[in-house]
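Descriptive analysis of the structure
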Number of protein chains: 4
Amino acid sequence: MDHAALGTETDNTPFERKPEMTHTITAMMDSSPAEVAVDRQLLAECIQACLECAQTCTACADACLSEESVADLRHCIRTDLDCADICETTGRVLSRHTAPDVAILRAVLEACARACKSCGDECAQHAEMHEHCRICAEACRRCEEACNNLLAAL
Amino acid sequence: MDHAALGTETDNTPFERKPEMTHTITAMMDSSPAEVAVDRQLLAECIQACLECAQTCTACADACLSEESVADLRHCIRTDLDCADICETTGRVLSRHTAPDVAILRAVLEACARACKSCGDECAQHAEMHEHCRICAEACRRCEEACNNLLAAL
Amino acid sequence: MDHAALGTETDNTPFERKPEMTHTITAMMDSSPAEVAVDRQLLAECIQACLECAQTCTACADACLSEESVADLRHCIRTDLDCADICETTGRVLSRHTAPDVAILRAVLEACARACKSCGDECAQHAEMHEHCRICAEACRRCEEACNNLLAAL
Amino acid sequence: MDHAALGTETDNTPFERKPEMTHTITAMMDSSPAEVAVDRQLLAECIQACLECAQTCTACADACLSEESVADLRHCIRTDLDCADICETTGRVLSRHTAPDVAILRAVLEACARACKSCGDECAQHAEMHEHCRICAEACRRCEEACNNLLAAL
C-alpha cells in the first residue's frame, strides 16, 4: 500500500498528527476502571476490525448501488447492509467492559463471524470485477478471523 | 396511565389518526416484491417486539442513570445498552427480504434472544423498586419469546 | 385500515395481548426519575414517528432493491438508508431525559425533519407505482411533522 | 501506551499487517463508481473522525459508568451516548456517494459538530480526573473540527 498518498512520513497533511485508531481503542480500554475480562490485544483488534468492516460494508453497498450492473448485485447489497449493522453493534458491545455478560458476548461474536463469512463469500465472487468488493471481502475476512480469535479466548 | 389518554376509540387526539406500528410493518412486508421466506405474522411480531424492546432498553438505561441509586444499577444499564443495540440491529435485518441468508438470520435471532434473556432477568430483579425496570423486563420477555418463535419457524 | 386483520377486538391473535407502542413509550417516560423537559405528548408522538419511519425506510430500501426497476430507484434507496439511520438516532436521543442538551436536541430534530422531507419527496414520486414508496412517503411526512411540532415547542 | 507496542515500524505484531483505517476509507471511496461530490481528503478525515469519536464516546460512557463517582458523571454519560449515536450515523451518511442530498449532508454535519462540541466541553471538565474523558474530549474536538472543515467545503 502507498502510505505516502495518505500523508504519512514525508509530507505535512493533517493525517500525520492523528493517533491511529487502534491506539485510541487501546488507550480507552486501558483507562477504564472496569476490569477487562478478555485478552486486551485480541479485543482491541476485534473492535478495530468491526469498525473497519462496518464502514467498508456500508461503502460497498453504496458502491454496488451505483454500479451499472446493480440488478446483479442485489445479494451483495443485502449482505453488506446486514453485515454493516451487525459489525457496528458488535463493536459497541465489545467497547463496554462494565458488568460483562459472557453469554451475550459469545452470541454477538458468533453472529458477527457468521455475517462476515457470508458477506466475505459474496463479495469475493465480485472481487475481480469490482475493486470495492475485493476490499470489502478482505475486511470481512479480517473481522471474521478477529471474532473467531476472540471467541477462542473467551 | 390509561389507554384513553392516548386517543383510542373515544376521543380526538392526534394519535387516533395514526396507523398502528404493526399495521405499517405488515403493510411494508406485503408490498415488497421479494418473497418473504418465513411466517409473516411471526415475522411482523418479531420486528415489532425488537423495535419496542430497543426503545424500552434505551429509555430504561437512561432512567436508571437518573436514579439516586445509579451505582447499584450499573449492571442493568450495561445490559440495557447491549440489548438496545442488538434488538435494533435484529429489527433491521428482519425488515429486509431481498436475498435472505438463513444462517445470518438464525445467528442474529439467537444473539437477540440471548440479550433479551439476560436483560429481562436483570431488570426483573429491580422490577418492584423501579417501574421502568418492570416495563423493560416485560418488553425483553416479549422480544425473547418472539425471537424464539421465529427461530422455531425457520 | 382494517383493524380486524391485525387481531384487535374481535379475534384471538397474539397481537391482542400486546400494549401499543405509544403506550409503552409513554409509560417509560412517566416512570423516569428525570424531569422531562418538553411536552410529553409531542415527545411521545415524535419518538413513535421516528421508530416507525426508521423501520419503514429500511423496508422501503429493501423493497426497492428487489424491484425489477432497481436501477431507477437508486436515489430512493440512498435517501431511505440515510433517513433510516437519522430517524433511529433521533428516536434514541429523544428517549433519554437525563441532563438534556437543548442545542443537540434541536440540531438532531432539524437533521431528522430535513431527511424526512427529502425522503418523503423522493418516495412520493414513486407512490403510484410502488405501494411501499407510498406508505414510506406517509411515514416520512408524519415524522417530519412530529419533528417540526417538537421543535416549535422547545 | 506507546506506539511501538502496536506494531508500527519496528516490530512484528499482527497490527503491522493491517492497512490503516484511513487507507481503507480512501480506497473504498476511490473504487466507487459514484462521483464523490466533496473534497476527498476532507471527507475521508471526517469519516475517520466520526468512527473514532463514536467508539471513544461509547467507551467513555462505559468507563464513567464503572467509576466510583458515577453519580457525578451522569451528564457526561448522557452526552457520550448521544454523541456516539450521532457520530455513527454521520459516518454512515458520509460513506455513501450515490445520489447525494446536500441539505441532508449539511444538517447531519451540523448536528454532529454540535454534539461533539457539547460532549467535548463536558468531557474536558473531567479530563484531569479521568484519562478516558481526556482522550474522549480530544476525539470530540477532532471530529467537531473535521465536520466544520467539511461543512466549509460543501
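Before going into details, it helps to say that this report is about the structure given with it. (Residues numbered from 1 in each chain as written. Chains lettered and ligands numbered in written order. Predicted model: local features only at pLDDT ≥ 70, side-chain atom pairs only at ≥ 80, totals over all residues. Heavy atoms only, no water.)

**Some thoughts on the interface of chain A and chain B**
- Counting from both sides, the interface comprises 25 residues of chain A and, opposite them, 25 residues of chain B.
- With both sides pooled, the region where chain A packs onto chain B buries about 2,300 Å², and carbon together with sulfur makes up 62% of that total.
- When the buried area of chain A at its contact with chain B is split by residue, Arg78, Arg96 and Ile104 of chain A rank highest and sum to 28% of it.
- Linking chain A to chain B there are six salt bridges.
- With a shortest N-O distance of 2.6 Å, Arg96 of chain B and Asp82 of chain A are connected by a salt bridge.
- At the junction of chain A and chain B, the tally comes to 17 residue pairs in polar contact (both at pLDDT 80 or more). (Contact = heavy atoms within 4.5 Å. Buried area = accessible area lost by both parts, 1.4 Å probe. Salt bridge = Lys/Arg side-chain N within 4 Å of Asp/Glu carboxyl O. Polar contact = N/O pair within 3.5 Å; in protein donor to acceptor, adjacent residues only side chain to side chain.)

**So, the relation of the copies chain D and chain A**
- Turning chain D through 180 degrees and shifting it by 0.0 Å along the axis lays it on chain A, with an RMSD of 0.0 Å. Such a turn and shift between the copies fits a two-fold axis.
- In this assembly the copies share their binding face: 98% of the residues contributing to the interface of chain D also contribute to that of chain A. (Least-squares fit on C-alpha atoms with pLDDT ≥ 70 in both.)

**Let's talk about the side chain of Thr89 of chain C**
- With respect to the helices, strands and loops of the structure, Thr89 of chain C is situated in helix 3 (residues 74–94).
- Within the local environment of Thr89 of chain C, its side chain forms a polar contact with the backbone oxygen of Asp85 of chain D, the two atoms lying 3.3 Å apart.
- Leaving out residues up to four positions away in the same chain, Thr89 of chain C has contacts with Asp85, Ile86 and Thr89 of chain D. (Helix = DSSP H or I, 4+ residues; strand = E, 2+ residues; numbered from the N terminus.)

**Some thoughts on unusual backbone geometry**
- A positive phi angle, close to 45 degrees, is found at Ala99 of chain C, a residue other than glycine.
- Inspection of the secondary structure assignment puts Ala99 of chain C in the loop between helix 3 and helix 4 (102–124).

**A closer look at the relation of the copies chain A and chain B**
- At an RMSD of 0.0 Å, chain A and chain B line up after a rotation of 180 degrees and a shift of 0.0 Å along the axis.
- Looking at chain A, 100% of its interface residues are interface residues in chain B too, so the copies touch through the same face.

**Things to note about the interface of chain D and chain A**
- Of the residues lining the interface, 51 residues belong to chain D; the matching set on chain A comes to 52 residues.
- In this assembly, chain D packs against chain A so that about 4,900 Å² is buried in total across both faces, 62% of it on carbon and sulfur atoms.
- Our count for the chain D to chain A interface comes out at four salt bridges.
- Between Arg92 of chain D and Asp85 of chain A there is a salt bridge whose closest N-O contact spans 2.5 Å.
- Scanning the region where chain D abuts chain A turns up 14 residue pairs in polar contact (both at pLDDT 80 or more).
- Contributions of two or more residues to the side of chain D that touches chain A are made by helix 1 (21–30), helix 2 (40–66), helix 3 (74–94) and helix 5 (131–153) of chain D.
- Looking at which element gives the most residues to the side of chain D that touches chain A, the answer is helix 2 of chain D, with 16 residues.
- Classifying every residue of the side of chain D that touches chain A gives 20 nonpolar, 18 polar and 13 charged. (Nonpolar A, V, L, I, M, F, W, Y, C, P; charged D, E, K, R; others polar.)

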